[in-house]
4 protein chains.
Amino acid sequence: MPKLGMETLRRRQLIEATIDTIHEVGFANASLQSIARRAGVSPGLVAHYFRDKEGLLEATLRQLSSDLGHGAARRLAQAASPYERLLAVVEANLEPSQFDRRIATVWLAFWGQVLHSPRLRRVQMVYEKRLVSNLRHAFRRLVADDEAARLAEATAALIDGLWLRATLSVEPSDADEARATVRRFLHGNLPAAALPHGA
Amino acid sequence: MPKLGMETLRRRQLIEATIDTIHEVGFANASLQSIARRAGVSPGLVAHYFRDKEGLLEATLRQLSSDLGHGAARRLAQAASPYERLLAVVEANLEPSQFDRRIATVWLAFWGQVLHSPRLRRVQMVYEKRLVSNLRHAFRRLVADDEAARLAEATAALIDGLWLRATLSVEPSDADEARATVRRFLHGNLPAAALPHGA
Amino acid sequence: MPKLGMETLRRRQLIEATIDTIHEVGFANASLQSIARRAGVSPGLVAHYFRDKEGLLEATLRQLSSDLGHGAARRLAQAASPYERLLAVVEANLEPSQFDRRIATVWLAFWGQVLHSPRLRRVQMVYEKRLVSNLRHAFRRLVADDEAARLAEATAALIDGLWLRATLSVEPSDADEARATVRRFLHGNLPAAALPHGA
Amino acid sequence: MPKLGMETLRRRQLIEATIDTIHEVGFANASLQSIARRAGVSPGLVAHYFRDKEGLLEATLRQLSSDLGHGAARRLAQAASPYERLLAVVEANLEPSQFDRRIATVWLAFWGQVLHSPRLRRVQMVYEKRLVSNLRHAFRRLVADDEAARLAEATAALIDGLWLRATLSVEPSDADEARATVRRFLHGNLPAAALPHGA
DNA sequence: CATGAATGAGTTTTCATTCAT
DNA sequence: TATGAATGAAAACTCATTCAT
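The rules behind each value
Residues numbered from 1 in each chain as written. Chains lettered and ligands numbered in written order. Predicted model: local features only at pLDDT ≥ 70, side-chain atom pairs only at ≥ 80, totals over all residues. Heavy atoms only, no water. Domains from an automatic or database assignment. Contact = heavy atoms within 4.5 Å. Buried area = accessible area lost by both parts, 1.4 Å probe. Salt bridge = Lys/Arg side-chain N within 4 Å of Asp/Glu carboxyl O. Polar contact = N/O pair within 3.5 Å; in protein donor to acceptor, adjacent residues only side chain to side chain. Least-squares fit on C-alpha atoms with pLDDT ≥ 70 in both. Axes fitted to C-alpha atoms, helices over the stretch in contact; angles between N-to-C directions. Helix = DSSP H or I, 4+ residues; strand = E, 2+ residues; numbered from the N terminus. Parallel < 35°, antiparallel > 145°, perpendicular 65-115°, else oblique. Left-handed = near helix turned anticlockwise from the far one by under 90°. Nonpolar A, V, L, I, M, F, W, Y, C, P; charged D, E, K, R; others polar.

Let us look at the domain arrangement of chain A. A common measure of how large an interface is: the accessible area buried when the components associate. Residues and elements named next belong to chain A. According to the domain assignment, chain A contains domain 1 (1-51) and domain 2 (64-194). Computed over C-alpha atoms only, the centres of domain 1 and domain 2 are separated by 29 Å. Contacts between domain 1 and domain 2 engage 6 residues on the former and 9 residues on the latter. Carbon and sulfur atoms supply 72% of the area that domain 1 and domain 2 bury against each other, a total of about 710 Å² over both sides. Together, Ile19, His23 and Phe27 form the three largest contributors to the area buried by domain 1 at its contact with domain 2, with a combined 72%. Our count for the domain 1 to domain 2 interface comes out at 2 salt bridges. The partner of Asp20 in a salt bridge is Arg102, with the nearest N and O atoms 2.4 Å apart. Between the two partners, domain 1 and domain 2, sit 4 residue pairs in polar contact (both at pLDDT 80 or more).

With that settled, consider the relation of the copies chain C and chain D. Least-squares fitting of chain C to chain D yields an RMSD of 0.1 Å, with the transformation described by 0.0 Å of translation along the axis and a rotation of 180 degrees. Both copies of the chain, as the preceding transformation shows, are related through a two-fold rotation axis. Identified as the residue of chain C closest to the rotation axis by C-alpha distance is Gly161 of chain C, at 1.9 Å. Looking at the interface residues of chain C, 100% of them are also at the interface in chain D, so both copies use one shared face.

This paragraph deals with the packing of helix α1 (residues 6-25) of chain D against helix α2 (residues 32-39) of chain D. Residue and element names in this part refer to chain D. Their axes nearest at 8 Å, the elements α1 and α2 cross at an angle of 120 degrees. Here α2 runs oblique to α1, going by the angle between their axes. As α1 runs across α2, the sense of the crossing is right-handed. Contacts from Gln13, Leu14, Ala17, Thr18, Asp20, Thr21 and Glu24 of α1 reach α2 at Ser34, Ile35, Arg38 and Ala39. When grouped by side-chain class, the residues that make up the contact of α1 with α2 number 4 nonpolar, 4 polar and 3 charged.

Put into structure tokens, the structure is as follows:
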């Protein structure tokens with residue numbers, strides 16, 4: 001009998017190697033050989049676990065997306081008020097790890113590819129929809145439905161835009177500042193009663 | 001009207017073909033042969049005008065960036081007040097042509113590559129800096145310097161985020177709505193005196 | 001009925017899977033992995049029973065050849081006259097099962113390989129020699145030796161040619177017609193005394 | 001301006017190299033690299049002229065088929081009677097060059113592949129139909145239509161079978177003997193009036 | 001100025017085989 | 001016996017680049 005539990009281990013190894021490789025050389029230059037070399041396995045093994053390169057890329061994007069989703073879910077579970085739910089979403093999407101260049105550059109690389117790969121597209125849409133839907137649900141408890149929809153879209157755009165500009169910038173990113181910007185936006189657009197006391 | 005030299009004509013042809021090709025097959029699949037075929041010239045010609053593939057890509061990104069810059073400059077020249085200058089920047093960056101998929105998908109593809117190509121990087125930074133600096137200049141006439149800096153960053157992020165989400169979305173983009181969102185943001189963050197009468 | 005040992009069972013499984021696979025995807029695309037998958041075993045098992053791929057292919061061709069040989073032997077055992085012996089050979093080689101595409105396409109695929117694999121070659125030669133030698137023996141009882149040799153070669157060629165053209169044709173094969181053609185040939189080339197009464 | 005007339009030359013070179021390579025190592029082992037090496041060009045050039053490997057193989061089979069077809073056409077043009085037309089077809093298909101191992105083994109290799117490649121199939125069918133249709137036309141001038149059809153099929157099978165057995169055999173092939181066998185078959189199945197005087 | 005032939009490295013993918021379990 | 005993980009070589013194919021014409 002062959003070694004057990006290899007599958008999970010190998011899949012992780014390869015996904016991590018994919019992230020590292022894309023981070024270092026970019027999407028277009030991330031060859032299977034370079035990824036396999038970094039993972040310390042032979043290139044043929046990719047086929048064994050992911051069928052082909054696109055399978056590996058899809059799994060990698062899925063990993064990034066689910067890491068982000070879990071962060072948000074964890075924070076949402078602890079939120080006691082609609083406002084805290086909003087903050088939970090903001091903080092999950094703008095937490096320091098999301099500004100970590102290793103992760104951020106890979107997200108960005110995928111965004112450039114997503115429009116041309118149906119499989120990646122599907123994964124990306126989950127992220128996109130989830131962000132705005134989380135926000136909209138929270139807003140609905142605080143303002144009228146149409147206003148909630150507008151605010152959700154605007155907040156999502158602000159979050160993504162802050163993240164994007166920070167990632168594209170040469171200067172080191174400041175997650176705190178980004179979150180403060182979104183908080184200011186929320187405070188300017190929510191009724192006072194919705195805000196925490198003393199805010 | 002001056003007759004265009006062969007050089008200018010060919011360069012345009014190839015840049016347009018590059019945009020079309022990246023739009024259709026994505027950055028990773030845009031080969032010089034496919035670009036040349038679409039431009040109706042031989043692949044060898046690219047070397048003549050752009051030295052190599054990266055030269056053509058750089059020129060293409062430069063084209064996109066300068067088209068956008070000219071739109072902003074034109075609008076800024078007609079702006080009569082700081083508020084109108086803000087609107088000018090917003091409108092230039094969110095005008096319908098920027099939501100046109102042919103252009104938008106190519107911008108996005110470049111963003112994914114920019115971090116891994118110094119030459120593309122340099123071009124991209126011009127766009128990034130220009131947007132926030134245009135905004136900051138206008139804000140400075142209306143609010144204190146540190147608030148102007150904050151607002152400029154937030155507005156730039158909102159603009160980029162709205163554009164990004166619209167481009168990544170499957171639903172048709174609505175430039176008007178995006179601009180209205182930014183206007184609402186401005187109205188909520190500027191002193192009443194800065195806004196046009198009756199707004 | 002003797003219980004089949006595991007070995008015999010597995011070997012049969014794998015040979016049948018080889019036939020099915022070559023039939024469906026052709027010789028060049030019949031990989032060990034696809035064969036093993038179809039047989040429901042792991043690819044490593046092939047080495048156990050056949051040492052390597054060529055061993056499996058050789059065993060498969062041997063199987064095809066011996067099936068055909070047994071059919072001929074059975075019919076020959078029941079033949080009461082030289083003419084009936086001729087018919088037995090003809091009928092064995094042109095019986096409907098030999099026109100069955102599953103078998104026929106695999107025979108054909110092997111013929112294309114036989115010249116380049118000594119091991120396959122050896123198996124193939126058994127078939128080739130057996131056919132003509134069976135025919136020659138029967139003819140010798142009916143005509144002079146040199147005529148018997150000529151007739152045996154011609155009959156063998158006619159049999160193989162009819163089978164080949166039927167297999168390569170798109171139209172459904174008709175075993176009866178093929179056999180009638182050979183019978184007509186025999187009747188035209190044998191002395192009347194050799195033929196059954198009333199033929 | 002690039003060199004002219006390269007296309008025809010290169011295509012020939014590559015087709016000849018394909019024939020030689022298949023002849024020597026078999027269909028399954030004829031890699032593009034080995035073919036290109038033999039042709040003295042780089043492997044990438046195959047794509048330039050034939051798009052992909054199947055394109056080269058198809059062109060090669062087409063070449064074999066058309067060489068054979070031209071031989072038949074030339075002989076048919078000189079045939080003065082239906083009987084001579086029959087002989088023309090027989091001789092074209094069984095002329096010594098068709099028994100040349102370099103050509104014969106390649107034909108055989110293709111036959112093994114033809115059932116699994118639609119493109120090769122189409123080319124092969126031209127050969128198959130042409131042979132029997134040439135024969136049938138000639139037979140129709142000599143015997144009744146249904147008998148002509150039967151004889152054409154049988155003669156075609158005899159031709160292919162003789163060629164096949166000679167090609168598969170280890171012994172050196174004798175084209176003359178093969179043709180004599182077919183002639184005997186014709187003589188045995190045609191009315192005396194159809195045969196040349198003194199035959 | 002422009003072609004397109006040609007290269008050769010590089011990419012993904014496939015595969016027979018080996019081997020620890 | 002049997003598995004399936006893993007390898008490493010080889011396959012087809014793609015592509016940026018060069019160059020003679």
